[in-house]
Amino acid sequence: MARAATTSDAFNAIAEPQRRQILVLLRGGERPVTELARDLSMSQPQASKHLRVLREVGLVRVRGVGKQRLYCLDARGLRPVHEWLGGFERFWSGSFDRLDEYVRDLEQARREEQPDGDDQ
């Protein structure tokens, strides 16, 4: 029985770690399913199933070259994920700003602890 939930949108499709790994590999350019399967230590049928899901949600495209089918990343399909994550950016930015301030405070305290002329 087909699992419709995994093919409904990009969020569900990328929930599976091996599909995310496929997308990472495809960032480098077009690849045939045999190379993807080999690099991910999975069978060709397993890789094909993952690619089918990714294709159905618009994350990869396929084109035929002779007898071979080449898959490539279609990052436009990740736009909903990107937009959703963007709503959390202010939290990350705030955390990084606080971390930066903490590091500056530590550096300042270290400088103040060192006596003048001491090369420690």
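As a reminder, the structure under discussion sits directly above these lines.
Residues numbered from 1 in each chain as written. Predicted model: local features only at pLDDT ≥ 70, side-chain atom pairs only at ≥ 80, totals over all residues. Heavy atoms only, no water.

1. Some points on the pattern of salt bridges
A side chain with one charge may pair with a side chain of the opposite charge, provided their charged atoms come close. Summed over the entire model, instances satisfying the criterion amount to 8 salt bridges. Notably, a salt bridge pairs Glu 35 with Arg 31, separated by 2.9 Å at the nearest N-O pair. Assessed through its relative accessible area of 13%, Arg 31 is described here as buried. A salt bridge links Glu 56 to Arg 52; its shortest N-O distance comes to 3.4 Å. Here Arg 52 and Glu 56 lie together in helix H4 (residues 44–56), a separation of 4 residues that amounts to about one turn. Judged by relative accessible area, which is 36%, Arg 52 ranks as partly exposed. Where salt bridges share partners, they join Arg 31, Glu 35, Arg 38 and Asp 39 into one cluster. (Salt bridge = Lys/Arg side-chain N within 4 Å of Asp/Glu carboxyl O. Buried < 20%, exposed > 50% of the residue type's maximum accessible area, 1.4 Å probe, protein only. Helix = DSSP H or I, 4+ residues; strand = E, 2+ residues; numbered from the N terminus.)

2. Looking at the pairing of strand S2 (residues 60–65)
Sheet topology places S2 next to strand S3 (residues 68–73); 6 bridges connect them, and they run antiparallel. Among the inter-strand pairings, Val 65 is bridged to a residue of S3, identified as Gln 68. The antiparallel pairing of S2 with S3 creates a hairpin that spans 2 residues between the two strands, and Gly 66 there sits at a positive phi of about 65°. (Pairing = 2+ DSSP bridges.)

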